[in-house]
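Residue strings, one per chain:
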Amino acid sequence: MTSADVKKYLVVFFITALIFFTAISLANSISDKKLEEIRAIEDRVAIDILSSETQFSLLAESSCDAVNTPLLSEELSSLGNKLAFAEEERGSKDPEVRSLKKSYSLLLIKDYLLMKRISEKCKINPVSILYFYSNEGECGDCEREGYVLTHLQKKYPQLRIYAFDYHLPLSAVKTLIVVKKVENDLPALVINEKQYYGFQSVEDIEKAVPALAVLASSTPTGTE
């Protein structure tokens, strides 16, 4: 091998190494940026959780005149959307995502119990659906069911939908599953204390919840 060949190979080696390390640095930079974005979301979610906790206390002591306010329900929905984004970015098994999901699930349960207390105090019948799903790949219809419930919530803003990861390692969720007698046959809905298994269409749910017709009649024109 001549001196010229050695120089040529060295030049190729250094150019290749430069490209390789540039690519690695760029990938790390993108990864760090994504991580910063997720952390910013986590910070906002943490503030939302604290805000929601405070609202729970305020609503629990409020008069019946304030019961129909959708503020807390809207905040929980917004919080759920942020968690869905974080879960999509980092995966459902990410420790930080799981921690946030646990906090969110506790808020959902507290909201459900709060509405039961308010319904007894104010003699009203809130319309709610408990939805149990799984992200572990064995629930082929869970994503479709999620779209149906999202559509229903937009159609009936006063409808309260509580979505829980069936396999989330959280004692409160496990207790809820036992209390509501929900089997591991997902997706699963609990409507008026009755369990529904497998995919339920919009029409199926509207038939199972006659009270939705009342909500529809009380929804202002143009609200969807």
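It should be noted that the structure appears before, not after, this text.
Conventions used here
Residues numbered from 1 in each chain as written. Predicted model: local features only at pLDDT ≥ 70, side-chain atom pairs only at ≥ 80, totals over all residues. Heavy atoms only, no water. Helix = DSSP H or I, 4+ residues; strand = E, 2+ residues; numbered from the N terminus. Buried < 20%, exposed > 50% of the residue type's maximum accessible area, 1.4 Å probe, protein only. Contact = heavy atoms within 4.5 Å. Areas by Shrake-Rupley, 256 points an atom, 1.4 Å probe, with all protein chains shown as cover. Phe/Tyr/Trp six-rings, centres within 6.5 Å; stacked < 30°, edge-to-face > 60°. Core = buried A, V, L, I, M, F, W, Y, C linked by side-chain atoms within 4.5 Å.

A.B. asks: Looking at this model, I keep getting lost on the overall build of the protein chain. Mind explaining?
C.D. replies: Per the secondary structure count, the protein chain includes seven helices and four strands. Helices and strands in the protein chain line up, N terminus first, as α-α-α-β-α-β-α-β-β-α-α. The proportion of buried residues among the 224 residues of the protein chain is 36%. When contacts within the protein chain are restricted to residue pairs at least 6 apart in sequence, long-range pairs at least 24 apart make up 69% of them. For the protein chain, the accessible area works out to roughly 13600 Å², and carbon and sulfur atoms hold 58% of it.

A.B. asks: Which parts of the structure should I look at to understand the packing of aromatic side chains?
C.D. replies: Aromatic ring pairs: the centre-centre distance and the angle between the two ring planes describe each pair. For the structure shown, the criterion picks out four aromatic pairs. Ring centres of Tyr112 and Tyr162 lie 5.6 Å apart, and the angle between their planes is 75°; this geometry places the pair in the edge-to-face category. Highlighted residues: Tyr112 in helix 3 (residues 95–122) and Tyr162 in strand 2 (residues 160–165), separated in sequence by 50 residues. Classification of Tyr162 by relative accessible area gives buried; the value is 2%. Here the aromatic rings of Phe132 and Tyr166 are separated by 6.5 Å at their centres, their planes lie at 80°, and the arrangement is edge-to-face.

A.B. asks: What is the right way to read the nonpolar core from this model?
C.D. replies: A general trend in soluble globular proteins is that nonpolar side chains are found buried together. In this structure, Phe132, Leu159, Phe164 and Ile205 are the most contacted members of the largest nonpolar core, which totals 48 residues. Looking at which element gives the most residues to this core, the answer is helix 3, with ten residues.

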